[in-house]
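Each chain, written out:
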Amino acid sequence: MKTIEVEHKAKQTLLAIGFFLFIYLLLISLSFALTIGFGFAGIGVVAMRPSFFTLFLGIGLASIGGLVFFFLIKFIFKRVKVDRSDMIEIKENDEPRLFALIRELTREVGTDFPEKIYLTRDVNAAVFYDSSFWSMFFPTKKNLQIGLGLINAVTETELKAVLAHEFGHFSQKTLKVGSYVYNVNKVIYNMLYDNNSYSNLVQRWANFWWGFAICAWIGITIITGIQWILQKMYGIVNVRYMELSREMEFEADQIAASVVGSKPLIDSLLRLQLASDALQSLINFYQEQIAKEEIAENIYPQHHYLMNYLAKESHLDIENNLPVVTKESLNKFDRSKVVIENQWESHPSTVDRVQHLEDLGFDAEPSLDTAWSIFENAQKWQDKFTKDIFADVKFSQTPKLLSLENFKEEYSAYKQKYSFDERYNDFYNSKDISEFNMEIIIDRINSNSSKVLITENTELEDIFNEKNTELIRKQQGLENDCLILEAIIDKQIKLKTFDFEGIKYPVKHAPLILQELQDEAQANKKLIQQNEENAFIYFYKKAQANNNDTVLKELYENYFERNEIKKADELLHKALLEKSQFIGQQLEIHEIEEHMAQLRFEERKMRSRLKEIVEKEPHLLDVYTAQNKKQLEDYLSQEWIYFDHNHYYETPLGLLFAAYSFYYELFNQSLFLNKKNLLERQLSLAA
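Residues numbered from 1 in each chain as written. Predicted model: local features only at pLDDT ≥ 70, side-chain atom pairs only at ≥ 80, totals over all residues. Heavy atoms only, no water.

J.: It is not clear to me how the sheet that holds strand β12 (residues 497–500) should be interpreted in this structure. Could you clarify?
T.: Picture the strands of a sheet paired through backbone hydrogen bonds; they go either parallel or antiparallel. Here we have three strands laid out as an open sheet, ordered β10-β12-β13, and antiparallel in their pairing. Each of the sheet's edge strands pairs with one partner strand only, and the pair in question is β10 (338–339) and β13 (503–506). In the sheet, β10 pairs with β12 via two bridges, with the strands oriented antiparallel. Residue pairing for β12: V338 is matched across the bridge by F500. Helix-sheet contacts for helix α18 (residues 510–545) involve β10, β12 and β13, and the interaxial angle to β12 is about 30°. (Pairing = 2+ DSSP bridges. Helix = DSSP H or I, 4+ residues; strand = E, 2+ residues; numbered from the N terminus. Contact = heavy atoms within 4.5 Å. Axes fitted to C-alpha atoms, helices over the stretch in contact; angles between N-to-C directions.)

If you want it as C-alpha cells, here you go:
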C-alpha cells in the first residue's frame, strides 16, 4: 500500500530533518562558545594594556562570535509570501456551483475546506500557503489555485479528479513534513545565498578600522566552513524529501481515484502537457502579433482551438471536443534506453502515475460536460485574464482584437511561416541540415557513379519516409543516453545502479555501455547523413534537368556558411553567460573589475555581431514591438558602464541581459529562415 510507503518515507525525511536540527543546534552552541571565548580574549587584551588601540581590538575580537551567531539566526526574521499578483481571489457568491463542488469533494476526501480559492490563467491546480520559520510550529492554512487553462482542457468529472488529487494533499499528514522541509530549505538558502544585507553590514563594520577588518575576515572564514556543512545537509534533507514527495503524489492519486474513479484522472493527466504546450504556443504567437498591434479578444476559445489543432497534427483522436492522448503518443519521441531514478525529481513521471492509476482500477461514471459548465461567470474571468496578459504592453494606438475566426486565419499564416513543407515529413523539424562535400557528390552524379543510388524512379517519399524520420528520433535518444552515462561516469549523477534496455546494471558498467551507445550513435548518424546526401542528389538531378543546378548549389553553400557562423555565435553566447555569472555574487571590488574586463572583451564581439545582423537582416526585427526595438537600439547606441567602483548600474545591466536574448533569438532566427528558404526553393527548382 502506498500509505505505508509514504509513512516510511516521511519517517526517513523527519530523521534527516532531526539530523539537520542537531547539527544546527551544535553550530549555535559553538557560536556561543566562540562569542564567550573571543569576548574573554577581547577583555584580556584590554586588561593587559589599556588603551584606545587595545579597546578597539578587544571590541573587534568580541564581535567575531557575534557575527557568526547573527549569521546563524538571521533567517528567523524572514517571511516568504506567495506572489498573488497574477491571481484572482473568488468568493462563494461569485461561483456558487464551483464552491459546492469543492465542499462536496472535501467532505468525500475528509479534509478541510481551503482558506481561500484563487483563479489563475495557467494549466494547473495547486495547494499553496504562506510560510515563515514559525509555520514549522504553528498550523498554516492552505489555499487552492485553479487555472483557467486547466478548465479549458478537461471535462467536469476530470476537473473533480484533479481537485480531488489536490485535496488528497490537503488530507495528508505528511504535508506537514513538506512544510518542515520547505522551511529547512529556506533556512539553508538564507545562510548560503541570501546574504546581501548581512554582507553590507559586515563590510561597513570592516571599513570602520583595519583591526575590525581582520576580525571580520576571521568571522567570514568561520562562516565559510559553516556554509560547507550546510551544503552537505541540504543534500541529505532533500534527497529524502524528494522520495517522500513522489510517494505523496501516488497517494494523492489513489485518494482522488477512490472518489472520482481512475479514468478521469488518467485522461486529464495525459492531456495536460498538450494543453500546456498549446497555451505556450498561443503566448508565442501573440508575442509576434503584438508587433502588429494585435491582441486576443478572448484567449481561451483560441487556446481550446489550438489544443485540438495540435492534437490533429499529432494524429490524435478528438472526443467530446477534447484531444484523446494515450501513453503511446506521450512516449512517441522518447527513444531513451537508459533509465535512472532521479533522486532530485519531486514528482513521478506521468506514465508512472497513469500505470499506478490503471493498477488501482477504480471505476466511476464520467460526466462528458465541459468543466466550464460549473462556472457562472466564465466570460468575466476569461476577459479579465486575457486583458491582464497584454496589460503591460505599450501600443502606439488602440490594438486590433482578434476574434476566434480572425485567430484561425492569422495562426494558419503564422504556422506556415514557422514550419516546413509536409513533404519533408518532419525530418528537418528538430535538426539542422548536415554539412557534406557537394563537389564529390556532384562529380559522382556527373560521372554516373555506382555510388549514386538515386534513380529516375526514386520518389521524394522514398527519401523522407517514416523510417528515415525515425532515425532522427533514435539519434536524439542515443545522444541523450550518452550524456546521462557521461554524467554517471563523472559522478555528476551519483547512484549505484541504472537500467539499460530494462536490465539493471551497476555503475561500473557505464563506460562499456557508453562506448556501445556511442558506436551505435555514430552508425546511426552516418545513415542520417547518407539520407541527406540522397536528398541533395534527388534535388540536384531534378534541378539539373531544369538548368537550376547552379542555383541549388549556391543555396547549400550559403546555408553551410551560415551554419558555421551560427556555431560561432552559440559559442560566444555561451561564453557571455558564463562570464556574467559573477554579477550578483559577493566579491571583492578588484575581483569584480577583473571579471568585468573579461566580460567586456566578449561583449564587444556580441555588439559587433548584433550590429551586423541588424544591418544585413533588418526584417528579423519585424517580430519585435517598438518597445523591444528601442531597447535594442539603446544598447547598440553606446558602450555602457555596468560597474563603477563599488556600484552596479541596473539600467545598463538590464540592457545587457536583454541584448543576450536578442542575440540568441536573432542568430537562431537567421539560420532558421535560411534553412526554410533552402527547403522551399529546392522543391520549386526541382518542380
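J.: Can you help me understand the nonpolar core in this one?
T.: Core analysis: the biggest nonpolar cluster contains 68 residues, and I146, L163 and F375 have the highest contact counts within it. In this structure, L163 is in contact with L101, I102, L105, A125, L144 and I146, ignoring residues within four places of it in sequence. Core analysis: the next-biggest nonpolar cluster, separate from the first, contains 37 residues, F436, I463, F539 and L555 among them. (Core = buried A, V, L, I, M, F, W, Y, C linked by side-chain atoms within 4.5 Å. Buried < 20%, exposed > 50% of the residue type's maximum accessible area, 1.4 Å probe, protein only.)

J.: It is not clear to me how helix α10 (residues 299–313) should be interpreted in this structure. Could you clarify?
T.: Think of an α-helix as turning once every 3.6 residues; residues three or four places apart then point the same way. Taking 1.5 Å of rise per residue, the 15 residues of α10 would be expected to cover 21 Å, and the 21 Å separating its terminal C-alpha atoms lies within 8% of that figure. Of all the positions in α10, only I299, Y300, Q302, H303, H304, L306, M307, N308, L310 and A311 are classed as buried. Taking the backbone nitrogen of Y300 as reference, a side-chain oxygen 3.0 Å away marks N298 as the first, capping residue of α10. Immediately beyond the C-terminal end of α10, within one or two residues, lies H315, with a positive phi of roughly 60°. (Expected span 1.5 Å × (residues − 1). Polar contact = N/O pair within 3.5 Å; in protein donor to acceptor, adjacent residues only side chain to side chain.)

J.: Explain the packing of helix α17 (residues 466–489) against α18 here, please?
T.: What describes two packed helices is the angle between their axes and the distance between those same axes. In contact at an axis separation of 9 Å, α17 and α18 are set at 155° when each is read in the N-to-C sense. Here α18 runs roughly antiparallel to α17, going by the angle between their axes. For the pair α17 and α18, the sense of crossing is left-handed. (Parallel < 35°, antiparallel > 145°, perpendicular 65-115°, else oblique. Left-handed = near helix turned anticlockwise from the far one by under 90°.)

J.: Would you mind going over the packing of helix α20 (residues 589–616) against helix α21 (residues 626–636) with me for this structure?
T.: Packing of α20 against α21 brings their axes to within 11 Å, and their N-to-C directions diverge by 130°. Classified by the angle their axes make, α20 and α21 are oblique. Read as a crossing pair, α20 and α21 show a hand that is left-handed. Here α20 contributes E603, M606, R607, L610, K611 and V614 to the contact with α21, which in turn contributes L632, Y635 and L636.

J.: Sorry if this is basic, but what is going on with the pattern of salt bridges here?
T.: Pairing of side chains with opposite charge becomes possible as their charged atoms draw close. All told, the structure shown has 35 salt bridges when counted by the stated rule. The salt bridge involving E532 is made with K431; its shortest N-O contact spans 2.9 Å. A residue pair is termed long-range when its members are at least 10 positions apart, and E532 in helix α18 and K431 in the loop between α14 (404–417) and α15 (438–446) qualify at 101 residues. Exposure class is identical for E532 and K431. Each is buried. Across the pair E617 and R562 runs a salt bridge, and its minimum N-O distance is 3.5 Å. Residue E617 is located in the loop between α20 and α21, and its partner R562 is located in helix α19 (residues 549–579); the two are separated by 55 residues in the primary sequence. For R562, a relative accessible area of 27% gives the class partly exposed. The network of salt bridges with common partners includes K337, K474, E501 and E520. (Salt bridge = Lys/Arg side-chain N within 4 Å of Asp/Glu carboxyl O.)

J.: Any chance you could explain the pairing of strand β6 (residues 143–147) here in plain terms?
T.: Regular strands show a simple pattern: their side chains alternate between the two faces of the sheet. Summarising burial for β6: five of the five residues are buried, a large majority. Residues N143, Q145 and G147 line one face of β6 and the alternating positions L144 and I146 line the opposite face, and both faces are buried. Here four bridges tie strand β3 (residues 117–120) to β6, and the two strands are oriented parallel to one another. Looking at β6, one finds that T120 is bridged to G147.

J.: Whenever I open this one, the environment of T370 confuses me. Can you help?
T.: Relative to the helices and strands, T370 is located in the loop between α12 (350–360) and α13 (378–389). Given the relative accessible area of 40%, T370 is considered partly exposed. A C-alpha to C-alpha distance of 4.3 Å links T370 and T155, two positions 215 residues apart in sequence. Excluding its chain neighbours within four sequence positions, the residues that come into contact with T370 are V154, T155 and E156.

J.: So what exactly am I meant to see when it comes to the side chain of N143 here?
T.: With respect to the element layout, N143 can be found in strand β6. A relative accessible area of 4% means that N143 is categorised as buried. A polar contact is formed between the side chain of N143 and the backbone nitrogen of K116, at a distance of 3.2 Å.

J.: Looking at this structure, I do not really get the pairing of β13. What am I missing?
T.: As defined by bridge partners, β12 adjoins β13 across four bridges and the pair is classed as antiparallel. Each bridged residue has a counterpart across the sheet, and for D499 the counterpart in β13 is K504. Connecting the antiparallel pair β12 and β13 is a turn made up of two residues, with E501 showing a positive phi of about 55°.

J.: Would you explain the sheet that holds β3 in this entry?
T.: Read across the sheet, four strands follow the order β2-β3-β6-β4 without closing on themselves; strand pairing throughout is mixed. Whereas interior strands pair on both sides, the edge strands pair on one side only; in this sheet they are β2 (88–90) and β4 (125–128). Strand-to-strand twist across the sheet, computed as the mean angle between neighbouring axes with direction ignored, equals 30°. Each of β2, β3 and β6 touches helix α3 (residues 96–109); the most contacted strand, β6, lies at about 125° to it.

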